[in-house]
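One letter stands for each residue in the lines below.
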Amino acid sequence: MKEEKNNVSVENNEAETKVVGGQSVADNVAAIGDAAAQKVKDFSNKEIGGFKGKQILLVVGAVLVVLLLFIMLSNLGGEKEVKYPVVFKNSDGDILLMTGKMKDEEDAIKLSDESSGSIVYAHTTDRYVLFKKNDALYLYDSKDKEETTKLVSDIDDYMFTENDKYVIAVNTEGALYSYDFKKEKEKIAADVEYVVDYTDTHVLYLNNDDELYVRSLNPKKDDKQKVMEEYDYGAELSVDSKNVVYTNEDGDLYIFNVKKGENEKIASEVDDFYCDEKSCTKMYFLNEEGNLYYYNGKSEEKIASDVASISALDVENQQVLYTKSNDDDEYTLYYQKGKKDAVE
């Protein structure tokens, strides 16, 4: 299922602390940070080929700074800040909602008198909130504070699309619903196992027979198409909803053209792939032998070999940061842009 960034759990009065390996995330981060700091300090004082380790770190640091600056600048889209309301559980067990204009708890709006599980905020507006009550999905609309709208009974999963034009919901019987805030929600698929991915206009889902399907979120468009059978994992719907990229159980990499309903095989023995941010026609992919390739929409080109992992990348501008390891399990970080030689 696509990760939902705006989910908040309100199962407990206090904020949840996720535990990793018997420790909280904060404890793990602190421990990792201390260990990393010591390793950097030790490395800085080493003599390597006539250079101090700290001189090498400066070069690697410069590479990281260049890539991070590019990523940061490319994400500056002038998006307006959304001041989300606060949803919390009071001492009586009620689920309350407060906006920034409310002065104290007495002004808060009561959503439910029971634990509501995950609260889902809209992405672009503070107007809407999805929440669960009595195993049903409800919508809070700040323009109608006196009443919440029940959308789906026996709810299993739910989310807003990125542009908040639709609510996607799946009930416990596998019925997939689409709601556009104008009319009643409408059923657009049955026997759904879970939602794999979604965009502003389409949804990619797996049915109970392990078949992968894509269709429009607009109930009036009966355009359901089967992408593949025996789906295991590894599929992505492009942002423009034109393509589905996936790997099958044999590691074959395919692009499915949604409009044409056709599959095109790109490569074999693929371990992972990384799409561009629009159409998924360009991508990096890593095969099982550790060879890194760039696919430009027509053909692939080998970029590097013996790659251990991908640290960061920018597909559109052909920038990638990856690591290699030697026989002593020592890792080296590389930066590469286009066809230029990699920089350690």
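Everything discussed here concerns the structure shown above.
None of these values were measured; they are calculated from a predicted model. (Residues numbered from 1 in each chain as written. Predicted model: local features only at pLDDT ≥ 70, side-chain atom pairs only at ≥ 80, totals over all residues. Heavy atoms only, no water.)

Some remarks on the sheet that holds strand E29 (residues 307-314)
Consideration 1: Taken together, the three strands give an open sheet; going across it, the order is E29-E30-E31, and neighbouring strands pair in antiparallel fashion. Strand pairing shows two members of the sheet lacking a second neighbour, E29 and strand E31 (331-337), which therefore form its edges. Taken pair by pair, the neighbouring strands of this sheet meet at an average axis angle of 20 degrees, ignoring direction.
Consideration 2: Two elements, E29 and strand E30 (residues 319-325), share six bridges in a ladder whose sense is antiparallel. Residue pairing across strands places Asp314 opposite Gln319, the latter belonging to E30. (Pairing = 2+ DSSP bridges. Helix = DSSP H or I, 4+ residues; strand = E, 2+ residues; numbered from the N terminus. Axes fitted to C-alpha atoms, helices over the stretch in contact; angles between N-to-C directions.)

Considering the sheet that holds strand E14 (residues 167-171)
Consideration 1: Overall, antiparallel pairing links the four strands, which are arranged E13-E14-E15-E16 in an open sheet. The sheet is open, and its two borders are formed by strand E13 (155-160) and strand E16 (186-189), each paired with just one other strand. Going from strand to strand, the sheet's axes swing by 30 degrees on average, the running direction of each strand aside.
Consideration 2: Sheet topology places strand E15 (residues 176-179) next to E16; three bridges connect them, and they run antiparallel.

Points about a positive patch on the surface
Consideration 1: On the surface, Lys165, Lys182, Lys183 and Lys220 cluster together into a positively charged patch.
Consideration 2: Note on placement: Lys182 falls in the loop between E15 and E16. (Patch = residues over 30% accessible without salt bridge, like charges linked within 9 Å, V, L, I, M, F, W, Y side chains within 5 Å. Areas by Shrake-Rupley, 256 points an atom, 1.4 Å probe, with all protein chains shown as cover. Salt bridge = Lys/Arg side-chain N within 4 Å of Asp/Glu carboxyl O. Lys, Arg positive; Asp, Glu negative; His and termini not counted. Charge placed at Lys NZ, Arg CZ, Asp CG, Glu CD.)

Concerning a negative patch on the surface
Consideration 1: A cluster of acidic residues, Asp191, Glu193, Asp209, Asp210, Glu230, Asp232, Glu249 and Asp250, forms a negative patch on the protein surface.
Consideration 2: Within the fold, Asp232 resides in the loop between strand E20 (225-228) and strand E21 (235-237).

As for the nonpolar core
Consideration 1: Core analysis: the biggest nonpolar cluster contains 17 residues, and Val87, Leu97, Leu111, Ile119, Val129, Phe131 and Tyr140 have the highest contact counts within it.
Consideration 2: Contributions of two or more residues to this core are made by strand E6 (86-89), strand E7 (95-98), strand E8 (109-112), strand E9 (118-121), strand E10 (128-133) and strand E11 (136-141).
Consideration 3: Counting residues per element, this core draws most heavily on E7, which supplies four residues.
Consideration 4: If you look at the next biggest cluster of nonpolar residues, it comprises 16 residues, including Ala122, Leu139, Ile155 and Tyr179. (Core = buried A, V, L, I, M, F, W, Y, C linked by side-chain atoms within 4.5 Å. Buried < 20%, exposed > 50% of the residue type's maximum accessible area, 1.4 Å probe, protein only.)

Some points on the pattern of salt bridges
Consideration 1: What the rule picks out here adds up to five salt bridges.
Consideration 2: With a closest N to O distance of 3.3 Å, Lys226 and Glu211 form a salt bridge. Here Lys226, found in strand E20, pairs with Glu211, found in the loop between strand E18 (202-207) and strand E19 (212-216); they are 15 residues apart in sequence, far enough to count as distant.
Consideration 3: Given the relative accessible area of 34%, Lys226 is considered partly exposed.
Consideration 4: The residue Glu229 makes a salt bridge to Lys226 at a minimum N-O spacing of 3.1 Å.
Consideration 5: Residues joined by salt bridges that share partners form a network here, namely Glu211, Lys226 and Glu229.

Remarks on the environment of Asp113
Consideration 1: Secondary-structure assignment places Asp113 in the loop between E8 and E9.
Consideration 2: Residue classification places Asp113 among the exposed positions, given a relative accessible area of 53%.
Consideration 3: Residues Asp113 and Asn134 lie 21 residues apart in sequence; the distance between their C-alpha atoms is 9.6 Å.
Consideration 4: Contacts of Asp113, omitting those with residues within four sequence positions, involve Gly93 and Asp94. (Contact = heavy atoms within 4.5 Å.)

Observations concerning the packing of aromatic side chains
Consideration 1: Under the definition given, this model contains 10 aromatic pairs.
Consideration 2: Judged by centre distance (5.6 Å) and plane angle (15 degrees), the rings of Tyr322 and Tyr334 are stacked. Of the two residues, Tyr322 is situated in strand E30 and Tyr334 in strand E31; the sequence distance between them amounts to 12 residues. Accessibility classification places Tyr322 together with Tyr334 in one group, the buried group.
Consideration 3: In this arrangement the basic side chain of Lys133 is found over the ring face of Tyr138, its NZ or CZ atom lying 4.5 Å from the centre.
Consideration 4: Directly above the ring of Tyr334 sits Lys324, whose terminal nitrogen or CZ lies 5.3 Å from the centroid. (Phe/Tyr/Trp six-rings, centres within 6.5 Å; stacked < 30°, edge-to-face > 60°. Lys NZ or Arg CZ within 6 Å of the ring centre and 35° of its normal.)

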